[in-house]
Amino acid sequence: QVQLVESGGGLVQAGGSLRLSCAASGRIFSINVMGWYRQAPGKQRELVATITTGGITNYADSVKGRFTISRDNAKNTVDLEMNSLKPEDTAVYYCNAGRPTYDGGTFHYWGQGTQVTVSS
């Protein structure tokens, strides 16, 4: 099992910045990708950004140039620096960790979520 604990989030005005952090514990050796997803009220959960153990990153188009994901493999943490925040970034943000399965898929672990609210 892998446990994910998020910190950060909160209320910020449009144009402001926030930093989310996620600490992973447990069977960390099985994880090959970590990232952040978000879910706004009435919408499906969507990918925000991911980063592999080797440092390869992937971003949603809506956050490119504004958000930066980083990972410390020694500390088993993944951070999300969010700049130039917009009201449409308001959502519950979830830390995610994925490990490969024997059939070629990915098993996902999730944090409890942290609220980010951007006021206009």
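Residues numbered from 1 in each chain as written. Predicted model: local features only at pLDDT ≥ 70, side-chain atom pairs only at ≥ 80, totals over all residues. Heavy atoms only, no water.

1. Describing the confidence of the model for the protein
Next up, step 1: Looking at the protein, the pLDDT average stands at 95 and 100% of residues meet or exceed 70.
Next up, step 2: Within the protein, the element-level pLDDT minimum falls on strand β10 (residues 106-110), averaging 94, and the maximum on strand β11 (residues 114-119), averaging 98. (pLDDT = per-residue confidence, 0-100. Helix = DSSP H or I, 4+ residues; strand = E, 2+ residues; numbered from the N terminus.)

2. Re the pattern of salt bridges
Next up, step 1: Summed over all chains, the structure comprises 6 salt bridges.
Next up, step 2: Close ionic contact of E46 with R38 constitutes a salt bridge, the shortest N to O distance being 2.7 Å.
Next up, step 3: Judged by relative accessible area, which is 36%, E46 ranks as partly exposed.
Next up, step 4: On the basis of relative accessible area, R38 is assigned to the buried category, the value being 6%.
Next up, step 5: The partner of R66 in a salt bridge is D89, and the shortest N-O contact between them spans 2.8 Å. Taken together, the residues R66 in the loop between β6 (57-59) and β7 (67-72) and D89 in the loop between β8 (77-82) and β9 (91-100) connect sequence positions 23 residues apart. Note on accessibility: R66 and D89 belong to one class, buried.
Next up, step 6: Residues joined by salt bridges that share partners form a network here, namely R38, E46, R66 and D89. (Salt bridge = Lys/Arg side-chain N within 4 Å of Asp/Glu carboxyl O. Buried < 20%, exposed > 50% of the residue type's maximum accessible area, 1.4 Å probe, protein only.)

3. What to know about the packing of aromatic side chains
Next up, step 1: The final tally for this structure, using the stated rule, is 3 aromatic pairs.
Next up, step 2: Ring geometry for Y37 against W110: centres 5.0 Å apart, planes inclined by 75 degrees, an arrangement best described as edge-to-face. Residue Y37 is found in strand β4 (residues 33-39), and its partner W110 is found in strand β10; the two are separated by 73 residues along the sequence.
Next up, step 3: Relative accessible area serves as the criterion here: at 36%, W110 is assigned to the partly exposed category.
Next up, step 4: Judged by centre distance (6.5 Å) and plane angle (90 degrees), the ring pair of Y94 and W110 falls under edge-to-face. Residue Y94 is found in strand β9, and its partner W110 is found in strand β10; the two are separated by 16 residues along the sequence.
Next up, step 5: Among the aromatic residues, those joined into a cluster by ring pairs are Y37, Y94 and W110.
Next up, step 6: The positively charged end of R45 is found above the aromatic ring belonging to W110, 4.5 Å away from the centroid. (Phe/Tyr/Trp six-rings, centres within 6.5 Å; stacked < 30°, edge-to-face > 60°. Lys NZ or Arg CZ within 6 Å of the ring centre and 35° of its normal.)

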